[in-house]
Structure formats: C-alpha cells, structure tokens
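Here are the chains, one letter per residue:
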2 protein chains.
Amino acid sequence: MRIRHTILALAGLLFFTHCEKKTTSTEEENAEKLDLVQYVDPFIGTGEHGHTYPGATMPFGMLQVSPINGVSAWDWCSGYHYSDSIIIGFGHLTLSGTGIGDLNDVKLMPASITVDLAQLSVGKDKQYPEKSTALRDMLPYKSRYSHSNETATPGYYQVFLEDPKINVELTTAKRVAFHRYTYADGAEQSVVFNPGFAINWDDPTHMRLTQKDENTLIGERFSTGWAKNQKVFFAIRFNKPITEFKTHMQGENITSAQAFFNNENKELLVKVALSSVSTDNALQNMATEGEGFPFDEIRDKAKLAWNEALESINVESDNKDLKTIFYTALYHTKVAPVTFSDANGDFRLENDSIVKKANYTAYSTFSLWDTFRTEHPLLTITDPDKVADMINSMLAYYQVNKLLPVWTLYGNETNTMTGYHSVAVIAEAYLKGVRGFNAEEAYQAMKATMMSDARGLDLYKKYGYVPYDKLDESVTITLEYAYDDWCLAQMAKKLGKEEDYKYFLNRSMAYKKLFDPSVEFMRGKSADGQWNPVFDPKHSNHREHTDYTEGNAWQHSWFVPQDVNGFIALFPSKEAFTNKLENLFTESSEITGDNVSVDISGLIGQYAHGNEPSHHIAYLFNKAGQPWRTQYWVNHILKTQYNTTPEGYSGNEDCGQMSAWYVMSAIGLYPMNPASTEYEITSPMFAKTTMKVGQGKTFVIEAKNFSDKNIYIQKATLNGKPLQGTSISHEQIMQGGTLVLELGAEPNKSGSLN
Amino acid sequence: MRIRHTILALAGLLFFTHCEKKTTSTEEENAEKLDLVQYVDPFIGTGEHGHTYPGATMPFGMLQVSPINGVSAWDWCSGYHYSDSIIIGFGHLTLSGTGIGDLNDVKLMPASITVDLAQLSVGKDKQYPEKSTALRDMLPYKSRYSHSNETATPGYYQVFLEDPKINVELTTAKRVAFHRYTYADGAEQSVVFNPGFAINWDDPTHMRLTQKDENTLIGERFSTGWAKNQKVFFAIRFNKPITEFKTHMQGENITSAQAFFNNENKELLVKVALSSVSTDNALQNMATEGEGFPFDEIRDKAKLAWNEALESINVESDNKDLKTIFYTALYHTKVAPVTFSDANGDFRLENDSIVKKANYTAYSTFSLWDTFRTEHPLLTITDPDKVADMINSMLAYYQVNKLLPVWTLYGNETNTMTGYHSVAVIAEAYLKGVRGFNAEEAYQAMKATMMSDARGLDLYKKYGYVPYDKLDESVTITLEYAYDDWCLAQMAKKLGKEEDYKYFLNRSMAYKKLFDPSVEFMRGKSADGQWNPVFDPKHSNHREHTDYTEGNAWQHSWFVPQDVNGFIALFPSKEAFTNKLENLFTESSEITGDNVSVDISGLIGQYAHGNEPSHHIAYLFNKAGQPWRTQYWVNHILKTQYNTTPEGYSGNEDCGQMSAWYVMSAIGLYPMNPASTEYEITSPMFAKTTMKVGQGKTFVIEAKNFSDKNIYIQKATLNGKPLQGTSISHEQIMQGGTLVLELGAEPNKSGSLN
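In this text, all values refer to a predicted model and were calculated from it rather than measured experimentally.

Here is what the cut-offs are and how they apply
Residues numbered from 1 in each chain as written. Chains lettered and ligands numbered in written order. Predicted model: local features only at pLDDT ≥ 70, side-chain atom pairs only at ≥ 80, totals over all residues. Heavy atoms only, no water. Helix = DSSP H or I, 4+ residues; strand = E, 2+ residues; numbered from the N terminus. Rg over C-alpha atoms; globule rule 2.2 N^0.38 Å. Buried < 20%, exposed > 50% of the residue type's maximum accessible area, 1.4 Å probe, protein only. Lys, Arg positive; Asp, Glu negative; His and termini not counted. Charge placed at Lys NZ, Arg CZ, Asp CG, Glu CD. Contact = heavy atoms within 4.5 Å. Buried area = accessible area lost by both parts, 1.4 Å probe. Salt bridge = Lys/Arg side-chain N within 4 Å of Asp/Glu carboxyl O. Polar contact = N/O pair within 3.5 Å; in protein donor to acceptor, adjacent residues only side chain to side chain. Nonpolar A, V, L, I, M, F, W, Y, C, P; charged D, E, K, R; others polar. Pairing = 2+ DSSP bridges. Phe/Tyr/Trp six-rings, centres within 6.5 Å; stacked < 30°, edge-to-face > 60°. Lys NZ or Arg CZ within 6 Å of the ring centre and 35° of its normal. UniProt positions renumbered as here; feature names shortened; annotations may be inferred. Least-squares fit on C-alpha atoms with pLDDT ≥ 70 in both. Axes fitted to C-alpha atoms, helices over the stretch in contact; angles between N-to-C directions. Parallel < 35°, antiparallel > 145°, perpendicular 65-115°, else oblique. Left-handed = near helix turned anticlockwise from the far one by under 90°.

Enquirer: Looking at this model, I keep getting lost on the overall build of chain A. Mind explaining?
Expert: Scanning chain A from terminus to terminus reveals 20 helices and 39 strands. Relative to the compact-globule value of 27 Å for 754 residues, chain A shows a C-alpha radius of gyration of 25 Å, a close match. For chain A, the C-alpha atoms occupy an extent of roughly 80 × 55 × 50 Å along the three principal directions. Burial statistics for chain A: of 754 residues in total, 69% are counted as buried. When the 69 positive and 91 negative side-chain charges of chain A are each reduced to one mean point, those points stand 3 Å apart.

Enquirer: Can you walk me through the interface of chain A and chain B in this structure?
Expert: It is common to report an interface's size as the accessible area lost on association of the parts. Facing the 20 residues of chain A at the interface are 20 residues of chain B. Roughly 1,700 Å² is buried in total at the junction of chain A and chain B, and carbon and sulfur atoms are behind 43% of that figure. When the buried surface of chain A facing chain B is broken down by residue, Glu214(A), Glu244(A) and Met249(A) rank first, second and third, together holding 30% of it. Here chain A is connected to chain B by 4 salt bridges. The partner of Glu252(B) in a salt bridge is Lys212(A), with the nearest N and O atoms 3.0 Å apart. Connecting chain A to chain B are 12 residue pairs in polar contact (both at pLDDT 80 or more). If you list the elements that add at least two residues to the side of chain A that touches chain B, you get β12 (203-213) and β15 (244-250) of chain A. In terms of residue count, the dominant contributor to the side of chain A that touches chain B is β15(A) (7 residues). Across the side of chain A that touches chain B, the residue classes break down as 6 nonpolar, 7 polar and 7 charged. Relative to strand β15 (residues 242-250) of chain B, β15(A) runs antiparallel, the two sharing 3 bridges. Bridged to Phe245(A) within β15(B) is Thr247(B).

Enquirer: Looking at this structure, I do not really get the packing of aromatic side chains. What am I missing?
Expert: Describing an aromatic ring pair means giving the distance of the ring centres and the angle of the ring planes. All names here are of chain A. Applying the stated criterion to the full structure yields 90 aromatic pairs over all chains. Grouping aromatic residues by their ring pairs yields a cluster made of Phe340, Phe347, Tyr360, Phe366, Tyr397 and Tyr410. Sitting over the face of the ring of tyrosine 156, arginine 299 holds its NZ or CZ atom 3.8 Å from the ring centroid. Seen from the ring of tyrosine 465, lysine 525 lies directly overhead, with NZ or CZ sitting 5.6 Å from the centre.

Enquirer: How should I be thinking about the UniProt feature "domain: Glycosyl hydrolase family" (unreviewed entry) in chain A in this particular structure?
Expert: The feature "domain: Glycosyl hydrolase family" (unreviewed entry), as annotated in UniProt, sits at residues 281-744 of chain A in this numbering. With 39% helix and 16% strand, residues 281-744 of chain A has its two end C-alpha atoms placed 58 Å apart.

Enquirer: Honestly, the pattern of salt bridges in this entry has me stumped. Any pointers?
Expert: A side chain with one charge may pair with a side chain of the opposite charge, provided their charged atoms come close. Taken as a whole and assessed by the stated rule, the structure comprises 56 salt bridges over all chains. For Asp163(A), the salt bridge identified is with Arg144(A), shortest N-O distance 2.6 Å. Linking Asp163(A) in the loop between β8 (156-161) and β9 (166-172) with Arg144(A) in strand β6 (residues 143-144), this pair joins segments that are 19 residues apart in sequence. Lys432(B) is paired through a salt bridge with Glu428(B); the nearest N and O atoms lie 2.6 Å apart. With respect to class, Lys432(B) is no different from Glu428(B); both count as buried.

Enquirer: Just checking my understanding: could you explain the relation of the copies chain A and chain B for this structure?
Expert: Each of the two copies of the chain can be brought onto the other by a rotation about an axis and a shift along it. Rotating chain A by 180° and translating it 0.0 Å along the rotation axis places it on chain B, where the RMSD comes to 0.0 Å. Look at the turn and shift together and you get a two-fold axis relating the two. Identified as the residue of chain A closest to the rotation axis by C-alpha distance is Lys246(A), at 1.9 Å. Interface overlap between copies is the fraction of interface residues in one copy that are interface residues in the other; for chain A against chain B it reaches 100%, indicating a shared surface.

Enquirer: Where do I start with unusual backbone geometry in this structure?
Expert: Of all residues except glycine, most have a negative phi; of all peptide bonds, most are trans. Following Ala336(A), the chain continues into Pro337(A) via a peptide bond in cis, with omega recorded as -5°. Along the chain, Pro337(A) falls in the loop between α5 (320-332) and β19 (338-339). Positive phi, close to 65°, is recorded for Asn104(B), a residue that is not glycine. By the secondary structure assignment, Asn104(B) is in the loop between β4 (89-91) and β5 (108-111).

Enquirer: Hey, could you run me through the sheet that holds strand β24 (residues 407-409) of chain A in this one?
Expert: Hydrogen bonds along the backbone pair up the strands of a sheet, which may run parallel or antiparallel. Here we have 3 strands laid out as an open sheet, ordered β23-β24-β25 (chain A), and antiparallel in their pairing. Strand pairing shows two members of the sheet lacking a second neighbour, β23 (366-367) and β25 (412-413) of chain A, which therefore form its edges.

Enquirer: Where do I start with the packing of helix α10 (residues 439-450) of chain A against helix α12 (residues 474-494) of chain A in this structure?
Expert: Working note: a packed helix pair is described by the angle between its axes plus the distance between those axes. All names here are of chain A. Put simply, α10 and α12 touch, their axes get as near as 11 Å, and they point 150° apart. By the criterion of interaxial angle, the relationship of α10 to α12 is roughly antiparallel. The hand of the α10/α12 crossing is left-handed. Residues Ala439, Tyr443, Met446, Lys447 and Met450 of α10 lie in contact with α12, whose contacting residues are Tyr481, Asp484, Asp485, Leu488, Met491 and Ala492. The residue makeup of the contact of α10 with α12, split by class, is 8 nonpolar, no polar and 3 charged.

So this is what it looks like as structure tokens:
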C-alpha cells in the first residue's frame, strides 16, 4: 500500500542478464510438463517498494522460508530488501508486498562461531520507517552475501553466507520447510536462534525454545504488533543430534539460543513446521512430510506444484521478459492468502479459542482493501476450489468480533485500511456460483457487519455519508462503503431478500452525496452538509487530517465501479466525464502537501498505479463509450509500471493485488466491478492466452494481428459470434470457449469492441 | 540393613579432635536455648557401612541437600562415603543409612570451566556392590576435597572444592534448600547439571531441565529403580540472571546442562525446591520461603529447629563423646521418615494418581522392617504429632495396591524385606492413644493386608507357617507375620472385634510351629511338616536359598516379642532359655556359608547388632527373670557398637533405627514389643534424662549412683513408689513423672528391678 513517489529506473542490462541466469541455472528439464517456473523470478519486487520476498513457498502455502536482512525500516516489510548485503537468518513466516512489516518468525541462522548469547537481546527498532541498522549491525552472527551467489526460483532459495562460509539452501512443502546448510570443511557447525528479534511494530511477548529430543527443538513465540495476538508454535528437527543447546533468557523469555552439531560431514539438514495452535500440532504438521530430510525431493515437489499452479494460465510469447513479468506476477497472486490451519484442521482465533478439526482449510493474510479489486476475482478463475475455504475462514474470524475481516494477519483483525471488502469478496464469489460455504450464514455476517456501528458505519448510517468533520478519510470511506453496500444488495437480491436489496442498493448511492459538481471531484462534506472549504485535488496528507486514504481527490474521486452510468450522470456530459478521466492521466504529477502519502507512486499524471485506488480507473473509459482509451492507458500502464528487475513493481505488491492487476490486464480481462461478475475487455499483451477453467475446459483469448503497435481492438468475437458491449461474464469464461480480439494500430472509436 | 562383618576400629584421637572442632566452629551462641546441635556430628555414620549423609536437612524435612561422591557401590547408598576424596555435586534427596542406594536427584555442581556436555551421558554403573569409579572419574566437573575443609552441623554443610576453588555452603528449610557458592575472584561462574547421572539400580527414564526465566530453571527427573516410579519435579532459582544455559540431550532427555553467570561478585546464591507432583508445586514450595536468598537466616532457622527437635530428650553428662553419640543418634531418628507432600498438601501416589490438598502432611521413606522396632516407638514419645500423619500416609499408599506399606520410597512400594510392619506401627500408635487418623479405616486396611495372599501370606494362611520348600526366608517371614498378627489382634480387641481378635491371636502363635526342640532353634519346615534337613545355626546365605533373612538361626530364632513366656515354655526350662540366650552373646562369631549376608555385622558372639533382627534380643532377659543380663548386654552394646567417628555405627543406620535403639537403650527404656505399649527398663548411660512428653510435662529418669561401673539396677521407683516388673507403660511415661533407678556395680539377681 505504501509507495514513495519515485520514478522507477528501468533495469540496466547487466542486472537483467544476471536475473535470467539465476532462474535458468537452477532448472531441470521436465519434458512432459510446461516448464513455467523458469519464467518466475522471485527477486522481482524485492527492490524499491515492492516488498516481496525471494524465499521459498508453496502455492498458498503455510510457510514462507526466506532470508532476513534484519532491518526495521519500511522497505524491509518482508524482512528482506534487495539493496541490502547482510543476512541475519532465515525465517518461516513472511509477508509478501505489504506496507507494514511483521512476521519474520522462527528465524534460524547457521554459524561456525560460538556466539555470546547475552549480546542478542530483544532486538527491535521502532525508528520506523527510517532505515535502521543499528541493532542489526550489533548481531555477532550476521553475514555478508552477494547477489552473485544467490538463487531464487519457486520453492527454492540459495545463498552463500560469506562470513561463516556456509551455503544455505531452502525449500518447502505446504506445511514443512527444509533447510540444507553446507559448512566449510572441518568448521564448527551450529545454528543460532534469536527469537527476541522483531521488526517494526512487533513486540515479542513470550518466547520459548526447548529441546524436545536429540534432534528436535520445539517452542513458541508470541508477539503483539500488527497482529495483536500472534502465537506461533514451532518444531525444528535436525538430521544430526544436537551436541549442545545453549540458551539465553530475558525475564521468562528465550531471547537467543545456539545449537551445536558434530562436523563429521559438511551438511546439516533441518526441517521446520509451525502451528498457530500448539507445538504438538507443529509436530503433526511436520509428520505430514514423513520422517526423513529429502531436501531434493521436496524441492522437486515444490517445482512440480508451482508448475501446476502456473499452468492455470498459459500465455504465448517469444518475449521472455514479458513471460517473466507475467509468470512472476501469476506466482505472486498465489503466495497469499496463506494456509493457516494445521494438517489436522485446527487453527487459532484472535481470542485464543481454537477451531478444532475444521473440515476446510483456513487461510489468513487477507489484505482485502487491496485484494478485493483483482486478486480475489482472479482466484475465482484460477483457484475456485480455494475461494470457498477463504470465505469459510472469513466466517470463522467473524465469530470473534461479529464483524467480517478488514485485514487479517495470522488470524488477527488488524483493521488496516478502509471498507469491509470481505463483503465484496463473498458477494462476488456467491454471484459467480462459488459454493461450499453457508450462504445464508455468510449473508447474515455481511449484513451484520454493514449494519454495525464500526469504523464510521454509525456516521455513514446517520448522515448517509461520513462527514469529514467527524472522521478522517471520510470520502474514501464513504465511497468504499457504498460499493460494499452495492455488493451486499446484489447478494440480497440473489437470495430473494428484496427489502434488504432495496435498502442496501439505496445506501450504495451514497457516492452521489459527496460529488461536488462545482469542482467535479468527490469532496469532504461536513455533518451539516457543507463542503470542506480546504480543497486542493492534488493535496495529500498521509492517513490523518485528510478526506482521502493514501491519495488525493484526483485518485479517489473515481471509485464508483458499481454505478458508472450514475456517476457519469453527475457530470454535465459524458464528454465532461471522459475529459476529466483523460486529464487524470495527463495532469502534472505534482502532489502537494507537507506529509504526502508515501503510497502515492507509479504516477502517470495524477493516476497512481502504485496504489490500489487507481486500479480500476483506466477501465472506466470502457463504460463511458471510449474503450480505446482503456486500451491505450492499460497498455501504457502494463508497459511502464512493471519490469523484470527487483524494482519491477511500482509500489507495494500488496499480497498479489499489483500482480493480479497485471495478470488480468495483460490477458485483456479486468474485473472493474468484481461483484458484477463481468470482466472489462482490453487489448492483451499476448497473441494467445489459454486459461484452464475446470472440468478439462479451457478459455482461449486470441489476439489476431498481435504486435507491439497494434494495441487497439478492432473486432471481438466470442465463440465466433460478435461480442456485444465491452465486457464478458464470468459464466461465459467458465463455460470455456474462445474470445478472438482483432487488433490494429488505430483506435476503434465505435464505442464498442466491434 | 546390609553390613559387612568387619570389626570396627575405634576412632583415633586425631580425628575425633577434628570432628569436635568442626561442630563447634560453625556455632553461634544461643543463650536462651539449650545448644544441643553442638553435639550432633552428621559425619557419624558416613564411614564404614553406616550409609548416612553429612548434608543439610530439617527435622523430617522434605529435602536432604548433601554432597555426592558419584560412586555406584554399596557404601555409597547415600551418595557420599567418608572414605572418598572426590565430590561431583550436591543433590537434594538423600537416603539415610539404607542398604540400597537411590535418589541423589537434582544434583548441582558449581564450576569455573566450560564443560563438554556431550561427555556427560547417562552415567550409571550397575557393578553393584563393587566399588566403581570408572564413570565418576570421567566426569570433567568433579573436584577433590579434603575433610580438613569440610564442615557439617544440623542444617548446614560446607566444603571447599579444591579444583575449581569454590567454597560451597548448603542449608535448608523444610521444603527449600539453599546453596551459597563462593567462587575464586574473577573466575568464570557456572553450575553444571548432570541429571542423567544415577546410582546403583536407578535408571533415569525422563529428564527435563528448562529455563523458566532469567533466574530460574525448572524440570523433572523420572526414574525407575528401587522406587519403580519416581517422579521428581523441581525448581532452581539463582540470585543472578543466567547469562547462558547450555544443555545436552540423549533421546528426549536432558542428560547434562550448564548455566553461566556473571562474575561481578564472588558469591552465587541458589535455592531449590522439589515436588512429586509438578514444577508448579515445586515453585509453590519454593515460595513458602519468600522471595530472596537469605542463606544465613535459613541456616539460623534450621539450627533453631534442630535445637527444638533435640530438646525432646535432654540427657545430662560430662562426657561430651557420649552426648555426641546420643544427640547424633537422636538427630538421625529425626531425618526420616521424610516429608513427602507439597506445601499445598499434594503428593503423588505410585500409580500416578495425585492426592490433592491432603489435610495432613504426607511422609515417605518408611524403612519399616527396621523402624517398626524402635524408631516408630520412639516417635510416639518425641514426635507424637507426626505419628498420625505417618499413618495417614500409609493409608494413602494402601489405596494403590490395597496392601499396607512394606518399605515406601518416594511414595513407591519397594516390597523390600519381610513382614507387613506398618500393621505393627499402626496398632502400636492406636494402642498408645495416638489419634488423628481413621482407626476403623486403618483397621480394615491392616486386616485386608494380613488376610491377603501377598508375599507368602497365602502359604502362611494355608499351612499356618511359611514352608521352607515353598518360599525363601520362610522362618523369618513366619515369625514376623506372627508378630504382625499379634499387633492386629490387639487392635481388634481394642476396637471390640472379638472374633478377629481371636483369629489373629491364634495366628500369632505360628512361631510355635517352627521351633525345633531338638536343636532349640527356629527352623525351616516343609509343606509336609518335615524339618529342613540342612541345618547349621551359624549358616547364612544372603536373601536366597535360606530360611532366614540377612542372618542365621542364632539371630532369627528369638523373634517372639509378643509372647516371650510362651516362647520360653518351648524350652525344657527357663534356665535352658536363658542359657541359650547367654550363649548367643558368647558363642564364636564365625558365620558359615559361601554367600554370607553382608548385613550380619556388629557381632557379639552370634548377636549381630549391625542388623535389626537382633535389636530386641538383649531385652528378652528382662522377661526371663534375668534383668541384670539385659542390663549387662545392653550396656556392653551401647559401649561397643557406637562411637563418635564416621565409622560410629556398626551397620547400616537404617533410617533412624540403629540410632533409635541407641537413644532408647541409653536412657534405659526399650520397646521390646512395641504394640504392647510397654518399655523394658535397663540401666541408663546418663545420670539424668528429662523427656518432654507434651502439655508442658516431663518424664525424668534419674540414675542414682551413676558411674561407669555401676551398670546394674538395684532399685527402681516410679514417682516415689517401687516399680513392679521390669517395664513401664507408655501411658505412665506420657503422664509425666520421675523414674528413679538406683545403680550399683553388682547385679541385682532378684529377677525384678527391686
């Protein structure tokens, strides 16, 4: 969510060549299967403000085993940033692309020196978001490393630690991570634990690390931070017996430890399992991968799983960079949400009650303010089998606060960002025909949430909008609640709840109350109906003393995906609307204010692709009779806001959302209004895309006359018949078929695609 | 119970002087109170086969914090033997005077070197009873020590460890032990744990040692050995934070560990609490002594408690050696049984059920085959308040096997030795008027036990005796069951159970079936009524292929305390009886056989004072009309079988029994038949003895004309009136009063005391 307004420098050739080498050097040939993992470069997004991680994970896996630089600063939200040259360990829970740092739990660091543990205290630096290396630099076990001896591919990560001269390899199964450490010949072999280490807001509150048997450590690390009640239980098993295990405590907490091993051979193998419930569950999770330490086998399985996951969309192109951007993006859409429940179905709720043996897989890391826009819609195509369980998870979390999730981290409600977009996600899934959850129960949760007094809903209900003099970010909040209301209304309608339908449909028109025709922007309105006298559409103030969330009026005035025609009608004319929309992209990129939100990034005029409120905007042209301007601007964004370098995302990747935007836009389909179940069509980046849509069926998008310059759709047919309008329905896609888009260099100004 | 047949060398003057110095050098003046602890030398019994320990304990305390030599051999049953010059640590549970080694749990050893923990495995040597130092000598943390820098006094022990140059001081409260380690200036300060270490039969099965907080370790050590199911939970707290805690595991067990501390000052203070139930209970026990580490205060309290305990019998003498022997003996009568329940009343039964919040203090270490003879009878005088709780404990243990205790170690039935003498202990207590337990419940447990088929009772019931061809030690078992039956009969009578009384009284005459008039010894009889054809009254075979337990026919034929007149009637005449009895003391001390019981020791002729079956025998003269021979032989035993050196007991001290014999005999009273509630009278070793008998009353024994040569009672008056017979009743003693014994150098052959 947070991005500095920095212009991205495109990658130098030197660097790019290096990346390519990495992803191919670790591949083995797999003749029967498409080898798509070769196109994934997990380093993309690890530089600039992408905030992704290079470590190993499985599709929607429980674990993300990844290197940690040990810096508490904004660009280290995942624990790792490409600009760094120091590694302090390898953690097992990692956030992908978020704007707030947390996790990095259960960190292991191989070492060949005996460490003074008393030196390793509760390391934590709240000088956020300034870069702080003060504490990190005190750690005696850190090591330098070089990107020239670092490899990442889906499910596998390798780095050579230069100081202890240890080669580290990481791979993972769904619930068990595997490490392979190769020490220098004859060197002392040990592993250092520093569970007191925490990044950003995180405060460790309880840390235990106990040896269970000769080869096994168990323990737990509780912390409060972004997730208020995070309880991570873990089991760590080594292939060699621990000869000595050394710990240091502060108060009742193990803040550091070191385990020693014989050095009879150079390799030390480790496996790690976690649980939110108990160390016993962690051990049970570990047992799902059997007894041994088959590192190479697990790595091969991870590769296979990723190939299968990536096969859901097969794009054809001779441009390897494009495929790298695309498959890395698709990869990033499948690293979150993450599996949260244990192998036996247990998982912990924020109030410490345990859901026992759930008959579904529980997921967490719901970055809903971001992901309701494109990530969740994409999952309804690529991973419909997981969507119901994500909703079941949301309903489980609902039981704690009687409010649906806003932003769920490790089962905790963080209440980060605005809106109740789980309402949109559930409505969309239900309206798209996803089943496997109790729709009536879900509906009651959605309604109870939207009828509650939480997070400004009391004001919204009382005034019909959120007055700016009562609550910050009032414009964004009002627009987003209006959208959530609309989604709820559609679900009510589908369930035959006519009265609710009318009520929420009416509420969903709240956006109209904040449109100031005198400025043609959405604008803060006071409780007594007066426009906020202080108004500058380019002004931003981050999160406080502002009517807009991480943005300004230019970026936030367009959020009416549910009723574009009604929105357009607020303008003097459709042309007035499209002119304004065009101006968004052509205005100067100046953002005014003393405390501009760092999340405003990826600017094209005032359009800010680096943050989510802009994501649907280019598609509004489709609805305003100028689909060629959608085609133009989307093509422009696709080509300028993504690249193959570590700086390849123009803002926080945000748990798959930035990538999902790319994946969908690049194939020519976009869920401008997710719960409408329609996808707006634009010109694709590939001559041919084949999507697996289940039951052996495929949906093919053919771009005739595809070329770099032919960015305009001249003609569109679905299964041979001319396509009406500018969109296609989810149902049409899932039935399988072929969408043929004839492209040309000149805009088709018919107002439709034919 | 076990003693080698070694003639004791009396102490050299040099050593004695040293002992005296030790016990006085650690004393402070206590003007108001009698300073009796000055006469206690805890080293007495730590040499030869006494098997006592020199460490610190409280009267009947839960903990015995004591040095451990680390040798698995018979003379190290307490973990410490005076002959050794190596110490490997300081344990918290220690057996006093037993013939089987166990405990030595929760051992701490201060160190100034970093130890290779992998070297410290499950140290255990079953080459019992040979002395084995092989494993001990491999330990890297052991230290030499010298008796010239070692001190012991009730509740306090000190030793200087020569190798690490650490002075160790130990003291204890009832449930919390305190250590004070003074390290060399600037030396590394650490404590080594080696919970895998075990002595003799003990097999550790589960060892955990976890750091709970900066200053605290908790854990448990489970083992199976003499006690089949020993579960010791513990908490160890240091006054300094642990800077590092290092552990080594084998399988799932912590077999060694080392905790490190800063060396900012030379002293490290430690406190340790134990529980049979849980580490939480151990922590609760620890909390009973508050938060700090008031070593000197605890030591002063222990001294005070011991002075109060020793004041129960005040003997007057100018002979300091005699007072040292006496008060050390009295001290040893109060180190066992030991407190077993936690401060909150919880304790663990052998079957792992937990008695919760018992409204009595539970005791364990019931060496009943030894202690029913004199130790328990003595406690009815000195500690009547504890007797009921000991019986309550026995009734709790009864619940596990539905059999009353034989030999209880840490709540476990070890079934060591013969008989069911808890029956005798309970009957005696009840008949003496001890209340505070459910007599009917106790009676039912006693009857159920004696009516069971356990441990030869099936044979005993079927044949009226235990046939030698059906079970080893048949003569001893028969005689002891007959005595237990008699005790049970007396209790039945008191409770008005006339039929039971007759039944058990009849059974108690079983001894008559094994008396062979042709040899005038008790003799093995077969199931078909034939005498064992192999008969040599001086022959001994240890525990197997023998009709006698740890002895021979000479020693075992006299156990008819319940019916001495009936026993005498089996002889041709009373003279024949007394001649035979005299011969016991005057026969040659030759013991025949290839596997002579090592417990036969302290021989005077064939009389073996070093083992318990002899203990009542000298008092049989009283009943046979020759009280002057009781006076003569008891005086002889008192003067020859006890001294002030570490070799001061002529056999295993046996949890207070050897000492209780001394205490009672030395004041002139002996419970020849405990449940008769009568004490046989003999000539005392002190001119005046004052016993506190409760409610502010005293019972005084005055020996007129007391001198070393005047060992014969000429006249006896009780409260001024001539005493009838040779005994006095418990009731007479407890009413308070004065027994005056006029002594002379010539025997009074009247057959009475007047």
